[in-house]
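Residue strings, one per chain:
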Amino acid sequence: MAPSWMQLLIVLIVALLLFGGRGRISSIMGDMAKGVRSFRKGLNDEDEDDAEKKKTSSLEDDKMVNITPEKEKSKTSS
């Protein structure tokens, strides 16, 4: 079963879109690399922010007092 002329035309158009123009694929891959790099940088920034919050929260934990009422131990649950 040979491909029809319409299928060949679609493949040709897709190939021209991908490979047509000078450096088209390399520019697409460069943009993708920039996106991945900025995503990783964002994740690292978030981790650093969490570490700073933990440092400040540990200082605040020392000042906290537990005010939760305790259940009476004399009552038994059914």
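Definitions and limits used
Residues numbered from 1 in each chain as written. Predicted model: local features only at pLDDT ≥ 70, side-chain atom pairs only at ≥ 80, totals over all residues. Heavy atoms only, no water. Helix = DSSP H or I, 4+ residues; strand = E, 2+ residues; numbered from the N terminus. Buried < 20%, exposed > 50% of the residue type's maximum accessible area, 1.4 Å probe, protein only. Areas by Shrake-Rupley, 256 points an atom, 1.4 Å probe, with all protein chains shown as cover. Patch = residues over 30% accessible without salt bridge, like charges linked within 9 Å, V, L, I, M, F, W, Y side chains within 5 Å. Salt bridge = Lys/Arg side-chain N within 4 Å of Asp/Glu carboxyl O. Lys, Arg positive; Asp, Glu negative; His and termini not counted. Charge placed at Lys NZ, Arg CZ, Asp CG, Glu CD.

**Structural notes on the overall build of the chain**
Okay, step 1: Counting its secondary structure elements, the chain contains 2 helices and 0 strands.
Okay, step 2: Considering the chain as a whole, with its 78 residues, one finds that 0% of them fall into the buried category.
Okay, step 3: A total of about 8,100 Å² of accessible surface is found on the chain, and carbon and sulfur atoms cover 61% of it.

**Section: a negative patch on the surface**
Okay, step 1: A grouping of Asp45, Glu46, Asp47, Glu48, Asp49, Asp50 and Glu52 is seen on the molecular surface, where their side chains present a negatively charged patch.
Okay, step 2: Counting through the fold element by element, Asp47 comes out in helix α2 (residues 24–63).

**A few points about a nonpolar patch on the surface**
Okay, step 1: A cluster of nonpolar side chains, namely Ile10, Val14, Leu18, Phe19, Ile25, Ile28, Met29, Met32 and Val36, defines an oily patch on the protein surface of about 840 Å² accessible area.
Okay, step 2: Of all the secondary-structure elements, those providing two or more residues to the nonpolar patch are α1 (5–19) and α2.

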